[in-house]
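Structural characterization, general
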Amino acid sequence: MTLINAKGSPTTPLPLDPGARIRFGLEPRRPYTVRALSEHFVICTRPRDFATTGDFVYTVIDWRNGIRGPINGRSADVSTDEWCRDLLHDLEAGRWEISHHNRVQLDILDGGKP
């Protein structure tokens, strides 16, 4: 189920650390790994299905708005922790935002386990 321009509500952040695994309701069999986090955002990645090594799918959790999704306007290179942290700094600075078209309501099943 995809929710176009989904609206969430503020969500209390889970205690997460880089390297923790997190599962979402829309993709319960595809756990993501936390790569970078701040007070407001979490960058999570998982290997792309049927892809070569180093090709990732990512999602950004926005705790303030209770949503997750890719960033607006371009694909992000999330192949290294450094680039994930750079994306996180850009989100915090307001240079990027979560896509309005591809966002979904935050749907965490479980998370925080390494």
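Here we summarise the structure given alongside this text. (Residues numbered from 1 in each chain as written. Predicted model: local features only at pLDDT ≥ 70, side-chain atom pairs only at ≥ 80, totals over all residues. Heavy atoms only, no water.)

Counting 14 residues, the largest nonpolar core has Ile43, Tyr58, Val60, Ile71, Val78, Leu87 and Leu91 as the members making the most contacts within it. Sorting the residues of this core by element identifies strand 3 (41-47), strand 4 (56-62) and helix 1 (81-92) as the ones contributing at least two each. Broken down by element, the residue count for this core peaks at four residues, all from helix 1. In terms of nonpolar packing, the next biggest core, distinct from the first, is built from 12 residues, Leu16, Ile61, Trp63 and Leu106 among them. (Core = buried A, V, L, I, M, F, W, Y, C linked by side-chain atoms within 4.5 Å. Buried < 20%, exposed > 50% of the residue type's maximum accessible area, 1.4 Å probe, protein only. Helix = DSSP H or I, 4+ residues; strand = E, 2+ residues; numbered from the N terminus.)

Any two aromatic rings considered together are summarised by their centre-to-centre distance and by the angle between their planes. With the rule as written, the count across this model stands at one aromatic pair. Considering the side-chain rings of Phe24 and Tyr32, the 5.3 Å spacing of their centres and the 75° angle between planes classify their relative orientation as edge-to-face. Here Phe24 matches Tyr32 in class, with each residue buried. Here Arg35 stacks its cationic end above the ring of Phe56, 5.3 Å away from the centre of that ring. Sitting over the ring of Phe24, Arg68 keeps its end group 4.0 Å from the ring centre. (Phe/Tyr/Trp six-rings, centres within 6.5 Å; stacked < 30°, edge-to-face > 60°. Lys NZ or Arg CZ within 6 Å of the ring centre and 35° of its normal.)

Looking now at the environment of Gln105. By the secondary structure assignment, Gln105 is in strand 6 (residues 104-105). Each C-alpha atom of the pair Gln105 and Leu26 lies 9.9 Å from the other, and the pair is 79 residues apart in sequence.

What follows concerns the pattern of salt bridges. In the structure shown here, the tally under the stated rule is nine salt bridges. The residue Asp49 makes a salt bridge to Arg30 at a minimum N-O spacing of 3.0 Å. Here Asp49 is found in the loop between strand 3 and strand 4, whereas its partner Arg30 is found in strand 2 (residues 27-37), with 19 residues between them in sequence. On the basis of relative accessible area, Asp49 is assigned to the partly exposed category, the value being 34%. (Salt bridge = Lys/Arg side-chain N within 4 Å of Asp/Glu carboxyl O.)

Consecutive residues of a regular strand have side chains that alternate between opposite faces of the sheet. Along strand 1 (residues 21-24), the buried face is formed by Ile22 and Phe24; none of Arg21 and Arg23, which line the opposite face, is buried. Here strand 1 pairs with strand 2 via three bridges, running antiparallel. Its bridge partner being in strand 2, Ile22 is matched across the sheet by Tyr32. Counted along the chain from strand 1 to the antiparallel partner strand 2, the turn is two residues long. (Pairing = 2+ DSSP bridges.)

The values reported here are purely geometric and, on their own, carry no functional implication.
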